[in-house]
Amino acid sequence: MKQPELGQKLIELRQQKNMTQEELVEACNVSVRTIQRIESGEVTPRISTVKILLSALEVDLEEFKETTKTTKSEAYLSSLQSWLQAAWIAGIVYFVVGFIDGAIEIDRYENGDSNMSAAFYIPMKLLYFISYTIFMYGLIRLADYFNNYLLKISSYIMIGLFAFITILDISSIFIEISESNYIMIGVGESMSVGVIGILIGIGLIRLQDGMGVLAKAAGIIEIIAGSCFLIVIGFLMGYIMLIPAIILEVILLFKGYEFIKSERIKA
């Protein structure tokens with residue numbers, strides 16, 4: 001159930017029990033500020049928090065879900081299913097192309113641009129970026145379905161950062177960059193990817209209430225990878241940690257696709 005309907009329903013349940021917010025705090029050990037923000041519709045609580053509140057109000061969770069169930073439109077579910085399907089397929093493409101991109105960048109580092117073909121390099125970079133964007137947009141749509149705003153916003157930011165890096169990489173073929181500037185750019189990119197990656201990891205962990213332990217595992221690995229990028233000297237380990245993270249996220253998107261598919265059947 002989305003806000004503000006959830007908050008209004010909790011207010012109704014609390015008032016039916018003749019409980020004040022302070023009495024509910026004593027019964028469930030959730031801070032009064034948190035309860036105030038939930039009831040006012042400012043935040044969407046995690047399912048674990050909802051369970052605690054309902055337990056204090058002596059309301060069965062499954063019964064609450066049935067009475068507060070909101071049906072997504074068929075058009076919304078159809079669009080979401082299509083995007084999730086495209087996203088997990090794009091994730092596989094991104095994963096495979098990533099190894100090719102890594103080999104190209106290593107070759108550039110060791111041998112320079114003398115043997116680099118722009119006719120090959122540019123399309124590969126664009127394919128890498130496009131597949132990544134579709135892949136991440138799948139996470140954005142999944143986050144939107146479960147009201148996970150941290151994952152949604154951080155994924156948008158990462159797409160923007162990836163676009164900037166792609167443009168910079170392509171431009172570097174035509175514009176000479178000094179070694180000192182190249183190092184500074186690399187440090188900035190690594191730290192930025194690290195910070196946003198950690199936020200995405202936290203967002204994925206928050207997705208576990210809707211998508212299970214798989215989301216939590218992907219989130220933990222994303223946080224580890226992000227931390228490696230953040231300290232810069234561990235960026236190689238960061239790339240290694242991204243391998244299992246991407247695999248788990250592709251599986252997560254496929255699982256989300258199957259979940260939405262089943263929701264459409266139920267509807």
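Structure: see above.
Residues numbered from 1 in each chain as written. Predicted model: local features only at pLDDT ≥ 70, side-chain atom pairs only at ≥ 80, totals over all residues. Heavy atoms only, no water.

The next thing to look at is the overall build of the protein chain. Along its length, the protein chain carries twelve helices and zero strands. Helices and strands appear in the protein chain in the N-to-C order α-α-α-α-α-α-α-α-α-α-α-α. With respect to the principal axes defined by its C-alpha atoms, the protein chain has extents near 75 × 40 × 25 Å. Within the protein chain, the fraction of its 267 residues that count as buried is 40%. Total accessible area on the protein chain is roughly 14300 Å²; 63% of this is exposed by carbon and sulfur atoms. (Helix = DSSP H or I, 4+ residues; strand = E, 2+ residues; numbered from the N terminus. Buried < 20%, exposed > 50% of the residue type's maximum accessible area, 1.4 Å probe, protein only. Areas by Shrake-Rupley, 256 points an atom, 1.4 Å probe, with all protein chains shown as cover.)

Bringing a nonpolar patch on the surface into the picture now. Among the surface-exposed residues, Ile183, Val187, Met191, Val195, Leu199, Ile202, Leu230, Ile231 and Ile233 lie close enough to one another that they form a single nonpolar patch of about 760 Å² accessible area. Counting residues per element, the nonpolar patch draws most heavily on helix 9 (residues 179–206), at six residues. Following the sequence through the fold, Ile202 ends up in helix 9. (Patch = residues over 30% accessible without salt bridge, like charges linked within 9 Å, V, L, I, M, F, W, Y side chains within 5 Å. Salt bridge = Lys/Arg side-chain N within 4 Å of Asp/Glu carboxyl O.)

For the rest of this paragraph, the subject is empty space enclosed by the protein. Taken as a whole and assessed by the stated rule, the structure comprises one cavity of 30 Å³ or more. Empty space within the largest cavity amounts to approximately 30 Å³. Every residue lining the largest cavity is listed: Leu10, Leu24, Ile35, Ile38, Glu39, Leu53 and Leu57. A total of three residues in the lining of the largest cavity trace back to one element, the largest contributor, which is helix 3 (residues 32–39). (1 Å grid on protein atoms, 1.4 Å probe; cavity = no way out; pocket = protein on both sides within 12 Å on 5 of 7 lines; lining within 4 Å. Points joined across faces, edges and corners; volume = space filled by probe spheres on them.)

Membership of the largest hydrophobic core comes to 46 residues, with the highest contact counts inside it found for Phe135, Leu204, Leu207 and Leu252. A per-element tally of this core places helix 7 (residues 118–145) first, with eleven residues. When neighbours within four sequence positions are excluded, Leu204 is seen to be in contact with Leu139, Leu151, Ala215, Lys216, Ala218, Gly219, Glu222, Glu249 and Leu252. Listed in part, the 16 residues of the second largest apolar core include Val30, Val50, Leu54 and Leu57. (Core = buried A, V, L, I, M, F, W, Y, C linked by side-chain atoms within 4.5 Å. Contact = heavy atoms within 4.5 Å.)

We now examine the packing of helix 9 against helix 11 (residues 213–230). Contact geometry of helix 9 with helix 11 gives a least axis separation of 7 Å together with a crossing angle of 165°. Taken together, helix 9 and helix 11 sit at an angle that is classed as roughly antiparallel. Here helix 9 and helix 11 pass one another in a crossing that is left-handed. On the side of helix 9, the interface is formed by Ser190, Met191, Val193, Gly194, Val195, Gly197, Ile198, Ile200, Gly201, Ile202, Leu204 and Ile205, while helix 11 contributes Ala215, Lys216, Ala218, Gly219, Ile220, Glu222, Ile223, Gly226, Ser227, Phe229 and Leu230. (Axes fitted to C-alpha atoms, helices over the stretch in contact; angles between N-to-C directions. Parallel < 35°, antiparallel > 145°, perpendicular 65-115°, else oblique. Left-handed = near helix turned anticlockwise from the far one by under 90°.)

This part takes up the side chain of Asp169. With respect to the helices and strands, the residue Asp169 is situated in helix 8 (residues 149–174). Those residues within four positions of Asp169 in sequence are excluded, and the remaining contacts are Glu105, Arg108, Tyr121 and Lys125.

The geometry of helix 2 (residues 21–28) relative to helix 3 is characterised by a closest axis approach of 9 Å and an angle of 120° between their N-to-C directions. Between helix 2 and helix 3, the angle is such that the two are oblique. For the element pair helix 2 and helix 3, the recorded crossing hand is right-handed. In contact with Gln21, Glu22, Leu24, Val25 and Cys28 of helix 2, helix 3 contributes Val32, Ile35, Gln36 and Glu39. The class makeup of the residues in the contact of helix 2 with helix 3 is five nonpolar, two polar and two charged. (Nonpolar A, V, L, I, M, F, W, Y, C, P; charged D, E, K, R; others polar.)

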